[in-house]
Amino acid sequence: MIRATTTPAASRLQLWLTQTWLTLGAAVLAAGFLQAGAHAAARANFISAHGQKPLALALEPVPPANGIKTLVWQGQDVDGDGAPDFVNPTGQAPRTEDAYGYGAFGASRDGGVRKHEGVDFVAEAGQDVAAPISGYVTKIGAAYADDRNLKFVEVTNPAIGYVARVFYIDPTVVEGDVVRLGQAIGKAHGLQARYPGGMTDHVHLELMGPDQKRMDATAVLTERYVTRFGA
Ligand SMILES: [Zn+2]
């Protein structure tokens with residue numbers, strides 16, 4: 001009905017308008033393609049300038065379905081025999097902040113008057129405590145002169161030149177015993193009686209290296225993830 005009532009002049013105008021719009025549309029499309037091309041070129045430059053990084057991230061290995069990632073403590077091999085020479089005495093992480101401060105080596109004590117000379121590994125009272133190094137039990141002593149309940153076990157290993165003192169344990173070894181790395185040397189003694197109101201139960205480990213100075217045990221005991229398989 002519209003076409004039938006349209007005059008030839010109006011029809012030409014309509015044709016011209018259609019052509020104009022088509023031309024404009026083509027121009028817009030062409031510009032769009034040009035811009036997209038420029039973006040693609042820029043992206044290509046970016047990728048080539050940054051090597052394979054984005055690709056490497058995308059290809060990060062996926063753990064097998066039957067593998068469970070477990071946090072373990074890895075002892076350093078200082079004598080180069082291919083086996084670790086240190087074991088975390090409790091298997092737990094160092095004590096973080098609690099009502100009595102931090103358990104890290106060098107943490108402030110007595111309002112900054114002295115520094116913490118060991119590393120506190122979190123423990124459950126009564127748990128087995130492992131020998132952090134292999135060696136001889138060279139001393140069993142009292143942690144505090146006024147407290148007979150809190151003891152330490154000293155293990156000396158002349159072969160690697162390290163001495164370890166493991167505090168706040170009820171020893172199951174005696175002086176002169178030979179202990180193997182990781183072997184139980186006692187049970188963790190709860191600290192709530194000595195330090196009431198917010199102390200994390202822990203084992204205090206002092207480690208002396210070949211230079212006879214107390215050192216940070218986390219320098220030779222580090223955390224890492226391993227994937228375990230099986231049922
Ligand atoms: Zn401590």
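Residues numbered from 1 in each chain as written. Predicted model: local features only at pLDDT ≥ 70, side-chain atom pairs only at ≥ 80, totals over all residues.

**Thoughts on the overall build of the protein**
Inference 1: Secondary structure assignment for the protein yields 3 helices and 13 strands.
Inference 2: Contacts spanning at least 24 positions in sequence make up 60% of the contacts within the protein whose residues lie at least 6 apart. (Helix = DSSP H or I, 4+ residues; strand = E, 2+ residues; numbered from the N terminus. Contact = placed C-beta atoms within 7 Å.)

**A look at the confidence of the model for the protein**
Inference 1: Looking at the protein, the pLDDT average stands at 83 and 71% of residues meet or exceed 70.
Inference 2: Here residues 44-58 scores under 50 on pLDDT; set against residues more than four positions off or in separate chains, the count is 1 contact. (pLDDT = per-residue confidence, 0-100.)

**Quick look at the nonpolar core**
Inference 1: Grouped together as the largest cluster of nonpolar side chains are 30 residues, with contacts concentrated most on Val129, Ala164, Val166, Ile169, Val203 and Leu205.
Inference 2: Put simply, the parts of the chain that give this core at least two residues each are β4 (119-122), β5 (128-130), β7 (147-157), β8 (162-171), β10 (184-188) and β11 (202-208).
Inference 3: At 7 residues, β8 tops the list of elements feeding residues into this core.
Inference 4: Setting aside anything within four residues of it in sequence, one finds Val166 in contact with Pro89, Val129, Pro132, Phe152, Val153, Ile185, Val203 and Leu205. (Core = buried A, V, L, I, M, F, W, Y, C linked by C-beta atoms within 7 Å. Buried ≥ 20, exposed ≤ 12 C-beta atoms within 10 Å, placed from the backbone.)

**Notes on the environment of Tyr225**
Inference 1: By the element assignment, Tyr225 lies in strand β13 (residues 221-228).
Inference 2: For the pair formed by Tyr225 and Thr70, sequence separation is 155 residues and the distance between their alpha carbons is 5.4 Å.
Inference 3: When residues no more than four places from it in sequence are discounted, the contact partners of Tyr225 are Lys69, Thr70 and Leu71.

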